[in-house]
Amino acid sequence: GADWERVLTVRREEQVEAAAALRRLGPQVAPDQVLTTTDEVLTRKLARRRFNELRTARVVTTAGSRYLSGTGDSFLLLLLVMVLLCAGRQRLVLVLADGARWIRNWFAALQALLPSSLLLLDWWHLRKRCAELGSMICHGRKAKAALLGPLYRALWQGDGGCGVDIVGADRPPG
């Protein structure tokens, strides 16, 4: 009984530590960086195939983070101003998003002002896009799995160049 209590005590402590560690997961922002994540939330309207759209963003610096939500062009302008105020002229701005058209258009305006900015596709959407393209270029499930397995490993490691090489090696000559 005493041994079992000791095991339970250790396990309870591990759970607390694990929960505390999970709160800190996510990208670590360097002092010369600003991380911006943005997306939209859609809710159904009563009319068929109609949606309410709410855009959201989180701007993170080493000093902390700020959240923003809104709709339309006013949201995009406010987000641009917030990112520019946080970034100044020296910081690198990383935008992590799903690649929606409105985000790409907003990012083009940001990049015109801060050319060193980077737009990164989030993992879920990157994987989905690779699977869609893999279905277009591969003949059968085995060929698709043979292409996507190494491609996903390279992309997970952040090696986009290797990913390009993997896809290029799969192309027929000519």
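Scroll up to find the structure.
About the criteria used
- Residues numbered from 1 in each chain as written.
- Predicted model: local features only at pLDDT ≥ 70, side-chain atom pairs only at ≥ 80, totals over all residues.
- Heavy atoms only, no water.
- Patch = residues over 30% accessible without salt bridge, like charges linked within 9 Å, V, L, I, M, F, W, Y side chains within 5 Å.
- Areas by Shrake-Rupley, 256 points an atom, 1.4 Å probe, with all protein chains shown as cover.
- Salt bridge = Lys/Arg side-chain N within 4 Å of Asp/Glu carboxyl O.
- Helix = DSSP H or I, 4+ residues; strand = E, 2+ residues; numbered from the N terminus.
- Buried < 20%, exposed > 50% of the residue type's maximum accessible area, 1.4 Å probe, protein only.
- Contact = heavy atoms within 4.5 Å.
- Phe/Tyr/Trp six-rings, centres within 6.5 Å; stacked < 30°, edge-to-face > 60°.
- Core = buried A, V, L, I, M, F, W, Y, C linked by side-chain atoms within 4.5 Å.

Draft legend 1. Layout of a nonpolar patch on the surface. Taken together, the side chains of Leu77, Val81 and Leu85 define a hydrophobic patch exposed on the protein surface, amounting to about 320 Å² of accessible area. Mapped onto the secondary structure, leucine 77 falls in helix H2 (residues 72–87). The exposure class of leucine 77 is exposed, given its relative accessible area of 54%.

Draft legend 2. Spotlight on the pattern of salt bridges. Enumeration over the complete set of coordinates arrives at two salt bridges. For arginine 129, the salt bridge is made with glutamate 132, and the minimal N-O distance between the two is 3.4 Å. Residue arginine 129 and its partner glutamate 132 are both found in helix H4 (residues 123–137); the two are separated by three residues, about one turn of the helix. Given the relative accessible area of 35%, glutamate 132 is considered partly exposed.

Draft legend 3. Quick peek at the side chain of threonine 36. Mapped onto the elements of the fold, threonine 36 is located in strand E1 (residues 33–44). Here threonine 36 falls in the buried class, since its relative accessible area comes to 0%. For threonine 36, the residues in contact, after removing those within four places along its chain, are Arg58, Val59, Leu79, Val83, Val93, Leu94, Val95, Leu96 and Trp106.

Draft legend 4. Inspection of the packing of aromatic side chains at higher detail. Using the criterion set out here, one finds three aromatic pairs in the structure. Taking the centre distance of 6.2 Å and the plane angle of 70° together, the rings of phenylalanine 75 and tryptophan 102 count as edge-to-face. With phenylalanine 75 in helix H2 and tryptophan 102 in helix H3 (residues 101–113), this pair connects stretches of sequence that are 27 residues apart. Note on phenylalanine 75: relative accessible area 3%, which makes it buried. Look at tryptophan 102 and you get buried, because its relative accessible area is 11%. For the pair tryptophan 123 and tyrosine 152, a centre-to-centre distance of 6.2 Å together with 70° between the ring planes defines the contact as edge-to-face. Here the residue tryptophan 123 occupies a position in helix H4, and tyrosine 152 occupies one in helix H5 (residues 141–156), the gap between them amounting to 29 residues.

Draft legend 5. Structural context of the nonpolar core. Formed by 20 residues in total, the largest nonpolar core has its most connected members in Phe75, Leu79, Val83, Val93, Val95, Trp106 and Leu110. Elements with a contribution of two residues or more to this core: strand E2 (51–61), H2, strand E4 (92–97) and H3. At six residues, the largest contribution of residues to this core is made by H2. Sequence-distant contacts of valine 95, defined by excluding residues within four places in its chain, comprise Thr36, Trp106, Phe107, Leu110, Leu118, Leu119 and Leu120. Counting residues in each nonpolar core, the second largest holds eight residues, with Cys138, Leu148, Tyr152 and Ile166 among its members.

All we've got here are geometric facts, nothing functional implied.
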